[in-house]
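Working through the structure, step by step
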Amino acid sequence: MVISSLVVETTPDTTQQVAGELAGIDGVEVHEINGYKAVVTIEADTLDDSHAIASTFITLKGVIGVSLVYANFEDDPTVQQATVR
């Protein structure tokens, strides 16, 4: 399981709408809204899956930036397969 934390920055008038849309994405949890920023986590099976989910954030109307804060991928089986040879 890969767990990532991100801050999603929005235009001030779209923050609540964006937070609702983010919460509707499978594997995404919105933890806090602070001003025009939302703190979210993504739980996914692999780094690639996590990246694919996070990449959809910028397509939401009102999102102006996405910043990765933390990623734990030690349990990602695709990473472990790549390092064992």
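No experiment lies behind these values; they were computed from the predicted model shown. (Residues numbered from 1 in each chain as written. Predicted model: local features only at pLDDT ≥ 70, side-chain atom pairs only at ≥ 80, totals over all residues. Heavy atoms only, no water.)

1. As for the overall build of the protein
What the protein contains, in helices and strands, is 3 helices and 4 strands. Walking the protein from its N terminus toward its C terminus, one meets helices and strands in the order β-α-β-β-α-β-α. Referenced to the eigenvectors of the C-alpha coordinate spread, the extents of the protein come out at roughly 50 × 20 × 20 Å. For the protein, buried positions account for 32% of its 85 residues. The long-range share in the protein, meaning contacts at least 24 apart out of those at least 6 apart in sequence, stands at 67%. About 5,300 Å² of surface is accessible on the protein, with carbon and sulfur atoms providing 53% of the total. (Helix = DSSP H or I, 4+ residues; strand = E, 2+ residues; numbered from the N terminus. Buried < 20%, exposed > 50% of the residue type's maximum accessible area, 1.4 Å probe, protein only. Contact = heavy atoms within 4.5 Å. Areas by Shrake-Rupley, 256 points an atom, 1.4 Å probe, with all protein chains shown as cover.)

2. Description of the nonpolar core
Among the nonpolar cores identified, the biggest contains 14 residues, and Val-8, Leu-22, Val-28, Val-40, Ile-42 and Phe-57 are the most heavily contacted of them. For this core, the elements supplying multiple residues, two or more each, are strand S1 (2–10), helix H1 (15–23), strand S3 (37–44) and helix H2 (47–57). If one sorts the elements of this core by residue count, S3 sits on top with 4 residues. With residues near it in sequence (within four places) discarded, Val-28 still touches Leu-22, Ala-23, Val-40, Thr-41, Ile-42, Ile-53 and Phe-57. (Core = buried A, V, L, I, M, F, W, Y, C linked by side-chain atoms within 4.5 Å.)

3. Regarding the sheet that holds S1
Reading across from one edge, S2-S3-S1-S4 is the order of the 4 strands in this open sheet, with antiparallel pairing throughout. Both edges of this open sheet fall to strand S2 (28–34) and strand S4 (63–72), since each of them pairs with a single strand only. The mean angle between the axes of side-by-side strands here comes to 20°, regardless of whether they run parallel or antiparallel. One ladder, built from 8 bridges, connects S1 with S4; its direction is antiparallel. Among the inter-strand pairings, Leu-6 is bridged to a residue of S4, identified as Leu-68. Packing of H1 onto the sheet brings it into contact with S1, S2, S3 and S4, and relative to S2 it is tilted by some 160°. The sheet contacts of H2 involve S1, S2, S3 and S4, and relative to S3 the element is tilted by about 150°. (Pairing = 2+ DSSP bridges. Axes fitted to C-alpha atoms, helices over the stretch in contact; angles between N-to-C directions.)

4. Examining the environment of Gly-35
Its location among the elements puts Gly-35 in the loop between S2 and S3. Taking relative accessible area as the criterion, Gly-35 reaches 60% and is therefore assigned exposed. Along the primary structure Gly-35 and Thr-15 are separated by 20 residues, whereas in three dimensions their C-alpha atoms are 8.0 Å apart.

5. Digging into the environment of Asn-34
Relative to the helices and strands, Asn-34 is located in strand S2. For the pair Asn-34 and Glu-9, spaced 25 residues apart in sequence, the C-alpha to C-alpha distance is 9.7 Å.

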